[in-house]
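Here is how the chains run, residue by residue.
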Amino acid sequence: MIKAMKLITVFILLLVLVGIVLSLGKQAPALDPLSDSALRLKPGPYSVNYYDETIIDRSRSTQANGDFAGTDSRTLVSTLWYPDRKVEGGFPLIVYSHGFSSNRSDGEYLAQHLTSKGYVVVAADFPLTNASAPGGPLVKDVVNQPADVSFLIDTLLQHNFNPEHALADMIDPERIGLMGLSLGGMTTTLAAYHPTMADSRVDAALSLAGPTDQFTAAFFQQRTPAFLMLAGTADALVPYSSNALPVLQKIPNAQLLTIAEGSHMGFSGSASLLRWINHPDSIGCYVVMSNLDDADSEAPWFDLLGTPEQGINYQSTNELCQQNPLPKAINPLRQQQISRLVVSSFFDSQFSPSPENKTAADTFLQQTLPQEFAELSYSRAKAIIP
């Protein structure tokens, strides 16, 4: 009995030790504590409050999916982050959209950072593309997600004008931005530019490795929000060469920040433990491919996005997870450091109430960041794309 207890104790100690190594080991390289990046990575002046809310759009239905019969509404289980105190005029509102087979928590590390800097952020589990979607995740439902984004904006603005709500007078309706990862990046692009799906209240859009091969240059002539793409060259799910790099030829004034050897999964908040493997996209590809049915991965569904005249590229091909072998990717913790800095400085450059702070954020984004992160490079498109 005593020997058995000793073995159990040793086993528990080993588990604790493994947990400590996994959680504390292989950290991102330390930044110069006096660098602009290190200073901007620190939390801002606001403490972060948050709450969960189930937001239901009863004006639209959720389609049947597998063994799921569908419903006559769309349910958006959401988290809202907001600063601990109000300011005159309110804060900018940012809507985060998650990727396929993911959920709203994957963007929490970005939401927390933004909120501490003076933003209200909302993220929802989309009805049919989240990891626990009834009937299994359905990629085609992305066409319904721009309207979900608009409904989230509607709901939060209603809260903003309700004097009894926690968000009362917290939001500036004139400063609304979007960000999204992967399929959420595509949702962001649709909600910012699509001729019928776009929300005219959106002034800035940031795509984290979102697909753009499905869109031609004509698609991006509908509206002129500020646009930034952040992507990695070692992305196995949404290849850099056909989705990120072309934004410089398709989107007027688009900004592109490129992470050399950056992965797709490295942008996900859940990827921290994946820093122990050669390339986190090996896990991402397994999850995504396991959740794609034949209809999702093989049959084209361009007509759901729109027409060629609207800028939908009917010649787009599926390049998902075709790269083999995968190269070594950078540490996801390093990639998430970069993501925090890019996201906050981009939205500050658009929404800061101070012209001086806008200019400083823009300079940091274009010049300082690439100087302080050797794996990062910045490019900007022309104001007019032929």
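Anyway, here's the lowdown on the structure attached to this text. The shown structure was predicted, so the numbers you read here are calculated from the model rather than taken from an experiment. (Residues numbered from 1 in each chain as written. Predicted model: local features only at pLDDT ≥ 70, side-chain atom pairs only at ≥ 80, totals over all residues. Heavy atoms only, no water.)

1. Re the pattern of salt bridges
- Using the criterion set out here, one finds 11 salt bridges in the structure.
- The partner of Asp-148 in a salt bridge is Arg-74, with the nearest N and O atoms 2.7 Å apart. You can see Asp-148 sitting in helix H4 (residues 145-160) and its partner Arg-74 sitting in strand S2 (residues 74-83), a full 74 residues away along the chain.
- Exposure remark for Arg-74: the relative accessible area of 1% places this residue in the buried category.
- With a closest N to O distance of 2.7 Å, Arg-201 and Asp-199 form a salt bridge.
- Arg-201 gets classed as partly exposed once you look at its relative accessible area, which sits at 26%.
- Using a relative accessible area of 6% as the deciding quantity, one classes Asp-199 as buried.
- Because the salt bridges share partners, they merge into one network encompassing Asp-57, Arg-60, Arg-74, Asp-141 and Asp-148. (Salt bridge = Lys/Arg side-chain N within 4 Å of Asp/Glu carboxyl O. Helix = DSSP H or I, 4+ residues; strand = E, 2+ residues; numbered from the N terminus. Buried < 20%, exposed > 50% of the residue type's maximum accessible area, 1.4 Å probe, protein only.)

2. Focus: the packing of H4 against helix H5 (residues 183-193)
- Taken N-terminus to C-terminus, the directions of H4 and H5 make an angle of 75 degrees; their axes are 8 Å apart at the nearest point. What the angle tells us is that H4 and H5 run roughly perpendicular. Across the interface between the two elements, Gln-145, Pro-146 and Val-149 from H4 touch Thr-187, Leu-190 and Ala-191 from H5.
- When the residues that make up the contact of H4 with H5 are grouped by side-chain class, the tally is 4 nonpolar, 2 polar and no charged. (Axes fitted to C-alpha atoms, helices over the stretch in contact; angles between N-to-C directions. Parallel < 35°, antiparallel > 145°, perpendicular 65-115°, else oblique. Contact = heavy atoms within 4.5 Å. Nonpolar A, V, L, I, M, F, W, Y, C, P; charged D, E, K, R; others polar.)

3. Examining the side chain of Ser-316
- Tracing the chain through its elements places Ser-316 in the loop between helix H9 (294-297) and helix H10 (332-351).
- With relative accessibility at 14%, the residue Ser-316 sits in the buried group.
- Excluding residues within four positions of it along the chain, Ser-316 makes contact with Asp-213, Gln-214 and Phe-302.

4. Structural notes on a nonpolar patch on the surface
- A cluster of nonpolar residues, Ile-283, Tyr-286 and Val-287, forms a patch on the protein surface that exposes about 290 Å² of accessible area.
- Structurally, Val-287 can be placed in helix H8 (residues 281-291). (Patch = residues over 30% accessible without salt bridge, like charges linked within 9 Å, V, L, I, M, F, W, Y side chains within 5 Å. Areas by Shrake-Rupley, 256 points an atom, 1.4 Å probe, with all protein chains shown as cover.)

5. Side note on the state of the cysteines
- Per the stated rule, a full pass over the model turns up 1 disulfide.
- The side chain of Cys-285 participates in a disulfide bridge whose partner is Cys-321; the two sulfur atoms lie 2.1 Å from each other. What sets the handedness of the Cys-285 and Cys-321 disulfide is the S-S torsion sign, and at about -95 degrees it is left-handed. Note that Cys-285 is positioned in helix H8 and Cys-321 in the loop between H9 and H10, a separation of 36 residues in sequence. (Disulfide = S-S within 2.5 Å.)

6. Examining the side chain of Arg-334
- As for its placement among the helices and strands, Arg-334 is situated in helix H10.
- Overall, Arg-334 belongs to the buried group, its relative accessible area being 11%.
- Looking at Arg-334, its side chain comes within polar contact range of the side chain of Glu-375, at 2.8 Å. (Polar contact = N/O pair within 3.5 Å; in protein donor to acceptor, adjacent residues only side chain to side chain.)

7. Considerations on unusual backbone geometry
- Going from Asn-324 to Pro-325, the amide bond is cis rather than trans, its omega being 0 degrees.
- Within the element layout of this structure, Pro-325 appears in the loop between H9 and H10.
- Positive phi outside glycine occurs at Ser-101, with the angle close to 60 degrees.
- Classification of Ser-101 by relative accessible area gives buried; the value is 11%.
- In the Ramachandran plot, Asn-253 falls in the positive-phi region, its phi being about 65 degrees despite a non-glycine side chain.

8. Observations regarding the sheet that holds strand S3 (residues 91-97)
- With mixed pairing, the 9 strands of this open sheet are ordered in space as S1-S2-S4-S3-S5-S6-S7-S8-S9. Of all strands in the sheet, those bounded by a partner on one side alone are strand S1 (48-57) and strand S9 (376-380). Pairs of neighbouring strands in the sheet enclose a mean axial angle of 20 degrees, with direction left out of account.
- Judged from the 6 bridges that link them, S3 and strand S5 (residues 171-181) form a sheet pairing that is parallel. (Pairing = 2+ DSSP bridges.)

9. Let's talk about the nonpolar core
- Val-120, Ile-153 and Leu-156 are the most contacted members of the largest nonpolar core, which totals 62 residues.
- In this structure, Tyr-109, Ala-123, Leu-228 and Phe-364 belong to the second largest nonpolar core, which totals 37 residues. (Core = buried A, V, L, I, M, F, W, Y, C linked by side-chain atoms within 4.5 Å.)

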